[in-house]
2 protein chains.
Amino acid sequence: MNIPKMIAAMLSLTFLLACSPSGDGSHISEVTDQLPSWNDGDTKKQILDFVDRVTDPANPDFVPEAQRIATFDNDGTLWAEQPLYFQLFFAIDRVKELAPEHPEWAEHQPFKAVLDGDLEALAAGGKRGLLELVMATHTGMTTEEFEQIATDWLDTTKHPTSGRPFTEMVYQPMLEVLDYLRANGFKTYIVSAGGIEFMRPWTEEVYGIPPEQVVGSSIKTAFEVQEGGSVLMRLPEIGFIDDKEAKPVAINSHIGRRPIAAFGNSDGDLQMLQYATGSDQPGFALLVHHDDAEREWAYDRDSKIGHLDKALDEAEAHGWTVVSMRDDWRMVFPPAD
Amino acid sequence: MNIPKMIAAMLSLTFLLACSPSGDGSHISEVTDQLPSWNDGDTKKQILDFVDRVTDPANPDFVPEAQRIATFDNDGTLWAEQPLYFQLFFAIDRVKELAPEHPEWAEHQPFKAVLDGDLEALAAGGKRGLLELVMATHTGMTTEEFEQIATDWLDTTKHPTSGRPFTEMVYQPMLEVLDYLRANGFKTYIVSAGGIEFMRPWTEEVYGIPPEQVVGSSIKTAFEVQEGGSVLMRLPEIGFIDDKEAKPVAINSHIGRRPIAAFGNSDGDLQMLQYATGSDQPGFALLVHHDDAEREWAYDRDSKIGHLDKALDEAEAHGWTVVSMRDDWRMVFPPAD
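Residues numbered from 1 in each chain as written. Chains lettered and ligands numbered in written order. Predicted model: local features only at pLDDT ≥ 70, side-chain atom pairs only at ≥ 80, totals over all residues. Heavy atoms only, no water.

Visitor: Sorry if this is basic, but what is going on with the sheet that holds strand β6 (residues 284-289) of chain A here?
Guide: Hydrogen bonds along the backbone pair up the strands of a sheet, which may run parallel or antiparallel. Pairing within the open sheet is mixed, and its 7 strands lie in the order β4-β3-β2-β1-β5-β6-β7 (chain A). Each edge of the open sheet is held by one strand with a lone partner, namely β4 (229-240) and β7 (321-324) of chain A. Averaged over all adjacent pairs, the angle separating strand axes in this sheet is 30°, with direction ignored. Two strands pair when backbone bridges link them, and strand β2 (residues 187-195) of chain A and strand β3 (residues 214-226) of chain A are joined in this way by 3 bridges, in the parallel orientation. Bridged to I190 of chain A within β3 of chain A is V214 of chain A. Relative to the sheet, helix α12 (residues 310-318) of chain A contacts β6 and β7 of chain A, its axis offset from that of β6 of chain A by approximately 130°. Its contacts with the sheet place helix α10 (residues 246-254) of chain B against β3 and β4 of chain A, and it is angled at close to 150° to β3 of chain A. (Pairing = 2+ DSSP bridges. Helix = DSSP H or I, 4+ residues; strand = E, 2+ residues; numbered from the N terminus. Axes fitted to C-alpha atoms, helices over the stretch in contact; angles between N-to-C directions. Contact = heavy atoms within 4.5 Å.)

Visitor: I tried to follow the pattern of salt bridges on my own but got confused; where do I start?
Guide: Charged atoms that come close allow side chains of opposite charge to pair. Per the stated rule, a full pass over the model turns up 39 salt bridges over all chains. For R301 of chain B, the salt bridge identified is with D309 of chain B, shortest N-O distance 2.6 Å. With a shortest N-O distance of 3.1 Å, D313 of chain B and R301 of chain B are connected by a salt bridge. With a gap of 12 residues between them, D313 of chain B in helix α12 (residues 310-318) and R301 of chain B in the loop between β6 (284-289) and α12 connect regions that are remote in the sequence. When salt bridges with common partners are traced through the structure, they connect K187 and R257 of chain A together with E204 and E212 of chain B into a single cluster. (Salt bridge = Lys/Arg side-chain N within 4 Å of Asp/Glu carboxyl O.)

Visitor: Would you explain the interface of chain A and chain B in this entry?
Guide: By a widespread convention, an interface's size corresponds to the accessible area lost as its parts come together. Opposite the 36 residues of chain A that make contact, chain B presents 36 residues. The largest contributions to the chain A side of the interface with chain B come from E212, F223 and N252 of chain A, which together make up 21% of the buried area. The tally of links from chain A across to chain B stands at 8 salt bridges. A salt bridge links R257 of chain A to E212 of chain B; its shortest N-O distance comes to 3.1 Å. Seen at the junction of chain A and chain B, the total is 22 residue pairs in polar contact (both at pLDDT 80 or more). Top contributing element to the side of chain A that touches chain B by residue count: helix α10 (residues 246-254) of chain A, with 5 residues. (Buried area = accessible area lost by both parts, 1.4 Å probe. Polar contact = N/O pair within 3.5 Å; in protein donor to acceptor, adjacent residues only side chain to side chain.)

Visitor: Could you clarify how one ought to interpret the relation of the copies chain A and chain B in this entry?
Guide: Applying a rotation about an axis and a shift along it to one chain copy brings it onto the other copy. For the match of chain A to chain B, the screw axis carries a shift of 0.0 Å, the RMSD comes to 0.0 Å, and the turn is 180°. The transformation just described matches what one would write down for a two-fold rotation axis. If distances are taken from each C-alpha of chain A to the rotation axis, the shortest is found for H254 of chain A, at 3.1 Å. In this assembly, 100% of the residues forming the interface of chain A have copies in chain B that are likewise at the interface, indicating an isologous arrangement. (Least-squares fit on C-alpha atoms with pLDDT ≥ 70 in both.)

Visitor: What exactly am I supposed to notice about the pairing of β2 of chain A here?
Guide: The two faces of a sheet get side chains in turn, since along a regular strand they alternate between them. Residues and elements named next belong to chain A. A large share of β2 lies buried, amounting to 7 of its 9 residues. With 4 bridges connecting them, strand β1 (residues 69-72) and β2 associate as parallel partners. Counterpart to F72 in the pairing with β2 is I190. (Buried < 20%, exposed > 50% of the residue type's maximum accessible area, 1.4 Å probe, protein only.)

Visitor: Help me understand helix α7 (residues 143-156) of chain B in this model?
Guide: It helps to recall that an α-helix has 3.6 residues per turn; residues three or four apart then point in one direction. When the terminal C-alpha atoms of α7 of chain B are compared, their 20 Å separation across 14 residues agrees well with the 20 Å that a helix rising 1.5 Å per residue should span. Of all the residues in α7 of chain B, the buried ones are T143, F146, A150, W153 and L154 of chain B. The buried residues of α7 of chain B occupy an angular sector of 95° when projected down its axis, which confines them to one face. Exposed side chains of α7 of chain B directed beyond 90 degrees from the buried face belong to D155 and T156 of chain B. Packed against the buried residues of α7 of chain B are α10 of chain A together with α4 (86-98), α9 (196-207), β3 (214-226) and β4 (229-240) of chain B. (Expected span 1.5 Å × (residues − 1). Arc of directions from axis to C-beta.)

Purely geometric numbers; function is a separate question.
Put into structure tokens, the structure is as follows:
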């Protein structure tokens, strides 16, 4: 916390205390609730208790600030992932834009599905289908050109059912968890199967997570010296798929420390949660369970997107925290502007 | 800067000013010299001028704090690399320790050179030879076990000619540059061909650079769930060689921003320096030239270790900053305790 912010926080706390009808501790904790979108209950208590334990120097579970690493999946954990992964919508729009240069796509999957508007066929292709679309539509330009393309798309495109920008389809309660952890000395990271360069242009503004704390899937790049400068060209070749067993590998590569808290929503996050809880240090694992068909979507063991089956069993076996979106969250998305 | 440190700095400045024989600005700038081990001259001025330009909001070259990324090579730039890369000494000691289990090593290079104590044959093997030794001696254990092995070795082993711990064979003037940049809002990274997990255990203590800001060469790892926990096993397979064209690629992968300042000493750093200076944003490139046979070592175009040839020509062509260790540095290594 910088000094002007700290002074502001102290002033606002003084103000609240001055207005408080009584000086008892319960009131103070109420006015300083840092997870206001979470209903009171076991889930919220488990998050608060874990943070209390690792930040209290007198507690045997105390963890020094530098080691307070928290990793978050993105799709389905920080923002929504229905009716399709959002990056797939981006790839679809790119396919349509580039199709005139690729007449052969009319007869080949997954391109045919895109051009026919057959979302079911696309969803059936799963992450592998997304990768093929990514290879064809996210490469052949510099990293800086791609950043601009992704930024322009996010600035101008709306989610198909809500009509809101994709960057507003984020979970308000999870934004609060990110802020709460950072206020308690945690460094927050994204570790997602989504494209690392698709996420980095906007994660700082939306989540407070800077590009260097975003880990994701990648294509290969090549360094080129050109007239008047140098660039990295995006090549149509897979670099790294950041999913399942690869998530702990990527965490070690990018961060070099074992997280003490990991947040996910699908079987693709299972190994990351096992890694965060797999040593002698304190470890917290949380799964967001999509059980709210009314305010969001309800899906788990039978879904192709955000498939949650084995990780749900493991969560029960190990006592991990499972969030019921329906019961634990007072609101799902941030209020519209 | 945290608050106790800031208060201490303010107090010490007050103390210095109180003792000052005159109140003129030149004296103040002398007492607050943040690069005291650098002789006054063009080189030092170029560093100070660049930082002044990018941190002054009124200057057209101003760069917002979040984008102030500085990348440093390690071997030969932050610590010495003679008579062999230090990690090679580590690998040599590992070969000797493991040799009884590998009778075949007596007849095969580079292992034979190690066991015969033939440093010249080893040096001739260059980085490729180091990699073979690394494959054989740095793998087959968990990442956490390897960290302990590397830490124990550094704690107990001395440099063969100076007799000092390897972590004291660091360049005092470069430690000051690291501190000076961070005090001016830069985020400092290591981007080295050295092993990422060989560096991470000690870079925070020695350089003030935490593990998550260390980028290097790596072997592959595999996630394993074991009885009572989970680990990453180090596999005898190259993951990434972080040298030459691969340095900008690794910077993009780990940091996701183009550095505005890059520091190196060999042709292996050329592309990183081209990357830092290859866009419209302000860019600073610096080469440490080892020309001080008396206090350190003198080597450049003909050396196998720290080979500096093409990058020296490019530095001249583009007006990059070239440090003469002999002329620009008041001292090379920190004073011994």
